[in-house]
Amino acid sequence: MAVLSSPQKTETVRLKGTIKKILFPRPVKPDTDFMIAILAGPSDIEITIKGKMCGVHEKDELLIEGHWVNDKKHGLQIELSGWEKPVPTTKAQAITLLSSSIIKGCGPKTANLIVETLGDNAIEVIMRDGAACLFPIKGVGKKNATRIVESLSENFNVQNIIKNLGQYGVTVKMAIKLHHLYKGNAVPVIQANPYELTNLSMVGFDAADSIAKKMEISEDSSFRCQAAILYVLRQYEGHCYTEKGDLITDVLNLLNKRSLVKTLGKEDVESALYFLSKASKIVIDFNRIYLKALYHHECTAARKIAEMVTSSAVNISKARIAHEIVKYQTQNRIILNAKQQEAIYTFFSKNIMILTGGPGTGKTAVIKAIAHIYRQVFPNDKELILCAPTGRASQNLHKTSGFGAKTVHRVLNWGIKTTAENEITPDKALKDELNPLEEDLIVDEWSMADIELASSTLRAIPKGGKVLVVGDPDQLPSVGPGAVLRDMINSQCVHRVHLDEVYRQAKNSQITENAYRVKEGRMIDLDSSRKDFIFIERPDAASTQQMILACVKRLLEKGYRPEDILVLSPIKKGTAGVEALNDATRALVNPADRRKKELAIGSKLFRVGDVIIQNQRNSVAKNLYNGTMGTIKAICSNPDDPESKEEGLLCDLWGEEVFLTREDITEFDFTTGYSITIHKSQGGQAKVVISPILTNHFIMLTRNNLLTSMTRAEEMMILVGQKKAVAMAIKNDTPNLRRTYLSERIRKCVGEEQEKQHKGVVGSLF
Ligand SMILES: Nc1ncnc2c1ncn2[C@@H]1O[C@H](COP(=O)(O)OP(=O)(O)OP(=O)(O)O)[C@@H](O)[C@H]1O
């Protein structure tokens, strides 16, 4: 090895060389952005280089720029200030890049074939001509050609982003997201306004602010103030709007918390609000400030509900429905009570209605009866779809009703590719007023529908179309913004039937009996001899966790499978929070074992046999929905993609075999799912539910949290903790304080519709 003669430490060094060995990290991961490597430079000089690099592999040719540093332990090294990976121009380099793990859809065989066909400068040709130049190559196929081009352009663009913005603190993870959002424009967009980074869910205002500071953006820049407003608005979880005064206070707190130079004032925020509303990013509706989309959803939902409430339905005589009800009762050996029958009449005489009722009051029985009668009344010309807002809830509806049930996302073709040319639009439903549904709808678990889902569903229903929404207003509200079911009820404009007779084994089931006690604000029976509701008293979080684990162990010994048991906690942190309970339950149920393969993705570690849950987004195309649960069957490469070398998770998701790539796992945020929050459990059920209940969870000790967890249990509910905490939860019936304006809007729109119709009638008289 040649030795470098006494380098000048201060001068900038520029070198071209080949990466001989990567010393850190090992292995290199797709999101690695700090590396230490040995570069073989000119005349075989070997130099240790360190700094922010990404997408770099051994044997890669690199142009680097940096300065010498003397590391106490490792001696002279170059600390990088810049680097570039030139587009490969030799056959070997092109094959190495194409067959490396960063390029999707291309193995060594295909890589060779591509380079032989397109020449040594194949990469340059592909980047210039796009996927079309790969179509004629045998065995590549259109799908893989697109994947190759997409991953090549991501690779070069991410490197370019890091090269230009890495010095300010933009990481590889951010660069990948920036690439997906802005493609080749990412660098100029961020250079012009670094606060655009807050559009990435992973970047908070503070992180963008510190990057902007390094880029010397002034503290009183309007961009900064506008970004702070949008950021604060997005942080108000569950609300549709916020009061202007509250917003200004919160924005100023954020902006001024570490401001040394100038303190921003109310007028700065007012002027940024003005610009944002002119740019159509927010809506100022009197004193209410909305993110534009939420305002739009609230108005659309209100308008559509009003239209449906005030329009007349297809006329089917009451006598005909009465006849069908009698037939249904005889065939199914059931006597539907008066309210249940009223619900059926209302469904067939109105375009929109709400069916509510507590657990076991026969809501599903009504859904089943309506679905049967619908077939008799509209034998050929119309169809009825049963659906629910989440995968979990639609599975449950299918199980309990016996009818096929879909997610609302699938019904609306949300983010699905209809033709090969169509771009996938993951955040948009393809069904809307221009392309409406042909079927009528029953949507169960409507309390889980947020304002976006509600407006998207309603706008897809054509004139004369029908919808029945079903739910229990005492369950938790939706995770996303809005309180749609509550607001529809409060508007008092939508026809509602409320079922109040309890059928489900109320006499034998302590779960049902206690659920009603909670609903009514009465203390539950904790000492029952009945075996389906068990309360185990424990004084603190540590002993509660131990007892929960002991229960899980006992249940497994009794023959329950891990997926039959759901540990629900109201909170994420702490000894009895979801994170700790998840880790401890996993260590018990599926401990590390040399024979069980593991896969690390970022900070997450998956193991064969693990129960997993999806925590983010929905994809109709991939049949993946927030809340999807399953188990890992194997860790292997994709069985349906022989060219792919990358390992992923072969899973059983609700009885279907699905291969999850590393990308899927990150994009849809899969984690182990031995314990989940009560909020996340909405709409789902498990044979046994175990839940801690402790006074130090006081913020989350509410009546509807307790009720939601209890009503998830099919066979057994185990509460572990303090009696005092149970009493606190039952007492805490704080009304839902979500800031929404839907019920007022519905009333207003109904008034306007009635006025229009009145004018129409009067107009036709003269
Ligand atoms: N009119 C009725 N006569 C007799 N049994 C009934 C009647 N209505 C419903 N049931 C029975 O009561 C039980 C609970 O009914 P169902 O599942 O429809 O309630 P639900 O309101 O949908 O409950 P949940 O919201 O908890 O899912 C079922 O076993 C059902 O068959």
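Residues numbered from 1 in each chain as written. Predicted model: local features only at pLDDT ≥ 70, side-chain atom pairs only at ≥ 80, totals over all residues. Heavy atoms only, no water.

The protein is annotated in an unreviewed UniProt entry as ATP-dependent RecD2 DNA helicase of Desulfitobacterium chlororespirans DSM 11544. You can read under Function (unreviewed entry) in the UniProt record for the protein the words "DNA-dependent ATPase and ATP-dependent 5'-3' DNA helicase. Has no activity on blunt DNA or DNA with 3'-overhangs, requires at least 10 bases of 5'-ssDNA for helicase activity." (UniProt positions renumbered as here; feature names shortened; annotations may be inferred.)

Visitor: For this particular structure, what's the right way to read unusual backbone geometry?
Guide: What is expected of a backbone is that most residues other than glycine have negative phi and most peptide bonds are trans. Along the chain, Phe24 connects to Pro25 via a cis peptide bond; the corresponding omega equals -10°. As for its placement among the helices and strands, Pro25 is situated in the loop between β1 (12–24) and β2 (34–40). We note that Glu445 has phi near 50°; this positive angle belongs to a residue other than glycine. Examined against the element boundaries, Glu445 turns out to sit in the loop between β12 (440–443) and α17 (451–459). What makes Glu445 buried here is its relative accessible area of 18%. Even without a glycine there, the phi angle at Asn623 is positive, about 60°. Position of Asn623 relative to the elements: it lies in the loop between β19 (611–614) and β20 (629–637). (Helix = DSSP H or I, 4+ residues; strand = E, 2+ residues; numbered from the N terminus. Buried < 20%, exposed > 50% of the residue type's maximum accessible area, 1.4 Å probe, protein only.)

Visitor: I would appreciate a short explanation of the pairing of strand β7 (residues 282–285) in the present structure.
Guide: Consecutive side chains of a regular strand alternate in pointing toward one face of the sheet and then the other. As defined by bridge partners, β7 adjoins strand β8 (residues 288–291) across 4 bridges and the pair is classed as antiparallel. Bridge pairing in β8 places Val283 opposite Tyr290. Linking β7 to β8, which pair antiparallel, is a turn of 2 residues; within it Phe286 sits at a positive phi near 55°. (Pairing = 2+ DSSP bridges.)

Visitor: Is there a simple way to explain the side chain of Lys363 in this structure?
Guide: Within the secondary structure, Lys363 is located in helix α14 (residues 363–377). Buried charged residue Lys363 carries no salt bridge. Nearest counter-charge: Asp472, at 5.5 Å. In terms of polar contacts, Lys363 uses its side chain to reach the backbone carbonyl oxygen of Gly357, at 3.0 Å. If we ignore the near neighbours within four places in the chain, the residues touching Lys363 are Leu355, Thr356, Gly357, Gly358, Val470, Gly471 and Leu499. (Lys, Arg positive; Asp, Glu negative; His and termini not counted. Salt bridge = Lys/Arg side-chain N within 4 Å of Asp/Glu carboxyl O. Polar contact = N/O pair within 3.5 Å; in protein donor to acceptor, adjacent residues only side chain to side chain. Contact = heavy atoms within 4.5 Å.)

Visitor: How should I be thinking about the sheet that holds strand β21 (residues 647–653) in this particular structure?
Guide: Each strand in a sheet pairs with another by means of backbone hydrogen bonds, the pair being arranged parallel or else antiparallel. Taking strand neighbours across the sheet as the criterion, the 5 strands line up as β22-β21-β20-β19-β23 in an open arrangement whose pairing is antiparallel. Since the sheet does not close on itself, it has two edges, and those belong to β22 (656–660) and β23 (670–672), each with one partner. The sheet shows a mean angle of 40° between the axes of neighbouring strands, taken without regard to direction. Where β21 meets β22, 5 bridges bridge the pair, whose relative direction is antiparallel. Across the sheet, residue Cys651 finds its bridge partner in β22, namely Val658. (Axes fitted to C-alpha atoms, helices over the stretch in contact; angles between N-to-C directions.)

Visitor: Got a minute to help me understand the packing of aromatic side chains in this structure?
Guide: Both the distance between ring centres and the angle between the ring planes are used here to describe each pair of aromatic rings. All chains considered together, the criterion is met by 11 aromatic pairs. Centre to centre, the rings of Tyr290 and Tyr295 are 5.2 Å apart; their planes meet at 75°, and the pair counts as edge-to-face. Note on Tyr295: relative accessible area 23%, which makes it partly exposed. Aromatic ring contacts, followed pair by pair, group Tyr241, Tyr290, Tyr295 and Tyr741 into a single cluster. Here Lys142 stacks its cationic end above the ring of Phe135, 5.6 Å away from the centre of that ring. The ring of Tyr236 is capped by Arg739, whose NZ or CZ atom sits 5.5 Å from the centre of that ring. (Phe/Tyr/Trp six-rings, centres within 6.5 Å; stacked < 30°, edge-to-face > 60°. Lys NZ or Arg CZ within 6 Å of the ring centre and 35° of its normal.)

Visitor: What is the right way to look at the nonpolar core in this model?
Guide: Nonpolar side chains tend to gather and get buried jointly when the protein is soluble and globular. Ile49, Leu197 and Met488 are the most contacted members of the largest nonpolar core, which totals 108 residues. With residues near it in sequence (within four places) discarded, Met488 still touches Ile305, Ile352, Ile354, Trp446, Val469, Val494 and Ile746. Judged by nonpolar contacts, the second largest core, of 30 residues, contains Ala515, Met629, Met717 and Leu719. (Core = buried A, V, L, I, M, F, W, Y, C linked by side-chain atoms within 4.5 Å.)

Visitor: Explain the pattern of salt bridges to me, please; I cannot follow it from the model alone.
Guide: Side-chain pairing between opposite charges can occur once the charged atoms of the two side chains come close. On inspection of all chains with the given rule, the structure shows 42 salt bridges. The salt bridge involving Glu84 is made with Lys163; its shortest N-O contact spans 3.3 Å. Separated by 79 residues along the polypeptide, Glu84 in strand β5 (residues 75–84) and Lys163 in helix α4 (residues 141–165) bring together distant segments of the chain. Judged by its relative accessible area of 37%, Glu84 is partly exposed. A salt bridge links Asp500 to Lys339; the nearest nitrogen and oxygen atoms lie 3.5 Å apart. Here the residue Asp500 occupies a position in the loop between β14 (495–499) and α19 (510–520), and Lys339 occupies one in helix α13 (residues 338–349), the gap between them amounting to 161 residues. Overall, Lys339 belongs to the partly exposed group, its relative accessible area being 30%.

Visitor: Looking at this model, I keep getting lost on the sheet that holds strand β25 (residues 686–693). Mind explaining?
Guide: Overall, parallel pairing links the 5 strands, which are arranged β15-β26-β25-β16-β24 in an open sheet. Edge positions in the open sheet fall to β15 (533–537) and β24 (675–677), since each of these has one partner strand only. Ignoring strand direction, the axes of neighbouring strands in this sheet form an average angle of 25°. Pairing analysis gives 3 bridges linking strand β16 (residues 565–569) to β25, with the strands arranged parallel.

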